[in-house]
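Architecture at a glance
The lines below spell out each chain.
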Amino acid sequence: MENSGNEFDVIVVGAGIMGSCAAYQTAKRGHKTLLLEQFDFLHHRGSSHGESRTIRATYPEPYYADMVLQSSLLWEEAQLEIGYTVYYKTRQLDVGPSDDKSLLAVIDNCRSNSIEFRVLDHSQVVEEFSGKVALPQNWVAVVTELGGVIKPTKAVSTFQTLALRNGAVLKDNMEVCAITRREEDNAAGGGVLACTANGEKFYGKKCVVTAGAWTKKLLEKVTAGFDIPIQPLEATVCYWRIKEGFEMDYSIQGGFPTFASYGKLYVYGTPSLEYPGLIKVALHGGWSCDPDKRRWSMSSEPALAQLREWIRETFVGRVESDVPVVTQSCMYSMTPDEDFVIDFLGGEFGKDVVVAGGFSGHGFKMGPVVGRVLADLVLDGVAGVDMKHFTFARFKDNPRGNVKEFGDQVLSHSNPT
Ligand SMILES: Cc1cc2nc3c(=O)[nH]c(=O)nc-3n(C[C@H](O)[C@H](O)[C@H](O)COP(=O)(O)OP(=O)(O)OC[C@H]3O[C@@H](n4cnc5c(N)ncnc54)[C@H](O)[C@@H]3O)c2cc1C
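In short, a report on the structure. (Residues numbered from 1 in each chain as written. Predicted model: local features only at pLDDT ≥ 70, side-chain atom pairs only at ≥ 80, totals over all residues. Heavy atoms only, no water.)

The next subject is the overall build of the protein. Across its full length, the protein carries eight helices and 20 strands. For 417 residues, the compact-globule estimate of 2.2 N^0.38 gives 22 Å, and the C-alpha radius of gyration of the protein, at 21 Å, lies within 12% of that figure. By the burial criterion, 60% of the 417 residues in the protein qualify as buried. Partitioning the intrachain contacts of the protein with sequence separation of at least 6 by distance along the chain shows that 75% fall at a separation of at least 24. Carbon together with sulfur atoms contributes 51% to the accessible area of the protein, which is approximately 16,200 Å² in total. The protein carries 42 positive and 52 negative side-chain charges, and their two centres are separated by 1 Å. (Helix = DSSP H or I, 4+ residues; strand = E, 2+ residues; numbered from the N terminus. Rg over C-alpha atoms; globule rule 2.2 N^0.38 Å. Buried < 20%, exposed > 50% of the residue type's maximum accessible area, 1.4 Å probe, protein only. Contact = heavy atoms within 4.5 Å. Areas by Shrake-Rupley, 256 points an atom, 1.4 Å probe, with all protein chains shown as cover. Lys, Arg positive; Asp, Glu negative; His and termini not counted. Charge placed at Lys NZ, Arg CZ, Asp CG, Glu CD.)

This is the structure we're talking about:
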């Protein structure tokens, strides 16, 4: 066959966590899979690089908790298959005002998903965390056992390795600039043609687009007039120094939890793990940007001021909160309602192209389950998860949602990472 070296059952565009997990799933099911990435593999320009991502089952929305439970099992399976650890377990601590609607919804969802939880008032928190954490009097804490840190770059590399082991072909420095219907006659009938900026052509019976912050740009090229409200945001992760003598108290080895705060702003963080003596505490949000023209700069001063105050009060002065010691830039792909987009592209592509994007700063933990759903959708046309919250169609009713402008920084109040 003339193009046989370039013929695949499934082409996956974008090798972040979602694309790598999808490629692993389709390859493992015996389908000839190609994973294409525009930059070097494991680059730092998208959303899936770095040293830590939180996994937690505590979501205000009922439909995510079950997905996290499934994903957590899939993370464990992948670890067994690869033979090393990417998922470091600890507890999850969610705090906020006792009447905070999101926090109350978290509690309801724990109950309905049989996730064990405890609600502590401010004095019980002092006792539970031996004075390392303090809350205002009218705040409560929800403690759950399913928390932890996933190592993102290591995890992406894990799924790429597993995809390779299952026969997938991986190619980097391949920017897909066009996805079209395959025109010429072919035995398979239909299918797609993916063309790259450096002149390569790949044919696939099916295609999965997992292009992260580039999703809108790519889909606008693929389907004229297609407008999808996935806004790239440049986000900053901040690490703060723990005061001498207290390093173990705030470390994962010392049992400190991953955490999120549902107060006036969303603050989230992970215990000290990747950088000894430093703890990650950051704000959920970022600056609107073009993913190809980033500023690579720090959080705005007003945002940092709020973080400082939160750290000082919550960690009882044991974490230095003058300036972050390490900062890292990362990319959010924000949808107006902060729910994911996982749907068929439709139109001329029907069910042959599936898109997954808009993970809105909380998708990493879901990578394995999203990969499975994408394989189900693209290979079988149906997924074993309720997809109604993830459709393109929903944007007709909610064009703006609850993303809130804060100076020139977009901060959010609904889904901490
Ligand atoms: C600061 C920060 C903190 C976060 N914290 C958490 C957390 O604690 N917990 C959690 O669950 N989630 C968290 N997230 C969110 C999570 O990291 C993302 O949801 C997830 O990484 C998104 O993965 P992705 O595969 O969709 O995107 P990406 O990782 O960006 O992958 C998309 C890939 O597609 C490639 N690509 C794009 N266009 C093309 C093209 N035309 N041709 C070829 N390749 C292309 C890109 O180069 C990129 O490699 C956080 C995100 C950030 C930025």
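Moving on from the coordinates now.
Attention now moves to helix H5 (residues 152–165). The end-to-end C-alpha distance of H5, which contains 14 residues, comes to 20 Å, matching closely the 20 Å that a straight helix rising 1.5 Å per residue would cover. Of the residues one or two after H5, Gly167 is the one with positive phi, at around 100°. (Expected span 1.5 Å × (residues − 1).)

This brings us to the packing of aromatic side chains. Taken as a whole, this structure holds 22 aromatic pairs when the rule is applied. Plain terms: the ring middles of Trp75 and Phe159 are 5.7 Å apart, the flat faces sit at 70° to each other, and that makes the pair edge-to-face. On the criterion of sequence distance, the pair formed by Trp75 in helix H2 (residues 62–82) and Phe159 in helix H5 is long-range, its members being 84 residues apart. Across this residue pair, the class does not change: Trp75 and Phe159 are buried. Taken together, the ring pairs connect Tyr59, Tyr63, Tyr64, Phe340, Phe359 and Phe390 into an aromatic cluster. One residue, Arg294, lies across the ring of Trp296, its end atom 3.8 Å from the ring centre. (Phe/Tyr/Trp six-rings, centres within 6.5 Å; stacked < 30°, edge-to-face > 60°. Lys NZ or Arg CZ within 6 Å of the ring centre and 35° of its normal.)

What follows concerns the environment of Thr144. Along the chain, the position of Thr144 falls in strand S6 (residues 139–150). The class for Thr144 is buried, based on a relative accessible area of 1%. Counting along the chain gives 87 residues from Thr144 to Ala57, while the straight-line C-alpha distance between them is 8.2 Å. Beyond its immediate chain neighbours, meaning those up to four positions away, Thr144 contacts Thr58, Arg91, Gln92, Cys110, Ile115, Glu116 and Phe117.

A few words now on the site of the ligand. Neighbouring the ligand are 36 residues; Glu37, His43, Ser48, Thr54 and Cys330 lie closest to it. One nitrogen or oxygen atom from the side chain of His43 is found 2.7 Å from an oxygen atom belonging to the ligand. Thr210 is positioned with one of its backbone polar atoms (N or O) 3.4 Å from an oxygen atom of the ligand. Listed by contribution, the elements that provide at least two residues to the shell around the ligand are helix H1 (17–28), strand S3 (53–54) and strand S16 (326–334). Broken down by class, the residue content of the shell around the ligand amounts to 18 nonpolar, 14 polar and four charged. (Near = heavy atom within 4 Å. Polar contact = N/O pair within 3.5 Å; in protein donor to acceptor, adjacent residues only side chain to side chain. Nonpolar A, V, L, I, M, F, W, Y, C, P; charged D, E, K, R; others polar.)

Below, the discussion takes up the pattern of salt bridges. Tallied over the entire structure, the rule returns 19 salt bridges. For Lys221, the salt bridge identified is with Glu175, shortest N-O distance 3.8 Å. One end of the pair, Lys221, is in helix H6 (residues 215–222); the other, Glu175, is in the loop between strand S7 (169–171) and strand S8 (176–181), with 46 residues separating them in the sequence. Overall, Glu175 belongs to the partly exposed group, its relative accessible area being 33%. In this structure, the salt-bridge partner of Lys216 is Glu220, at a minimum N-O distance of 3.4 Å. Of this pair, Lys216 and Glu220 both sit in helix H6, four residues apart, which is roughly one turn of the helix. Owing to a relative accessible area of 25%, Lys216 belongs among the partly exposed residues under this scheme. One connected set of salt bridges, linked through shared partners, spans Arg91, Arg118 and Glu128. (Salt bridge = Lys/Arg side-chain N within 4 Å of Asp/Glu carboxyl O.)

Summarising the element assignment, Lys280 is placed in strand S14 (residues 278–283). For Lys280, a relative accessible area of 3% corresponds to the buried category. Considering only alpha carbons, one finds Lys280 and Ser321, 41 residues apart in sequence, at a separation of 12 Å. Those residues in contact with Lys280, other than ones at most four positions away along the chain, are Ser52, Arg53, Val237, Cys238, Tyr239, Phe259, Tyr268, Gly269, Thr270 and Glu274. A distance of 2.9 Å separates the side chain of Lys280 from the backbone oxygen of Ser52, its partner in a polar contact.

This next bit is on the nonpolar core. One finds Ile17, Met67, Trp75, Ile342, Met366 and Val370 to be the most contacted residues of the largest nonpolar core, which totals 61 residues. Looking at which element gives the most residues to this core, the answer is H2, with eight residues. In this structure, Ile17 is in contact with Ser48, Trp75, Ala155, Val156, Phe159, Phe364 and Gly367, ignoring residues within four places of it in sequence. Grouped together as the second largest cluster of nonpolar side chains are 32 residues, Phe8, Val192, Leu219 and Cys289 included. (Core = buried A, V, L, I, M, F, W, Y, C linked by side-chain atoms within 4.5 Å.)

The description of two helices packed together rests on the angle between their axes and the distance between the axes. Between H1 and helix H8 (residues 367–380), the shortest axis-to-axis distance is 7 Å and the interhelical angle comes to 55°. By the angle between their directions, the pair H1 and H8 is classed as oblique. Considering only the axes of H1 and H8, their crossing is right-handed. Counting all contacts with H1, which are made through Ile17, Met18, Cys21, Ala22, Gln25 and Thr26, the residues of H8 involved are Gly367, Pro368, Val370, Gly371, Arg372, Leu374, Ala375, Val378 and Leu379. (Axes fitted to C-alpha atoms, helices over the stretch in contact; angles between N-to-C directions. Parallel < 35°, antiparallel > 145°, perpendicular 65-115°, else oblique. Left-handed = near helix turned anticlockwise from the far one by under 90°.)

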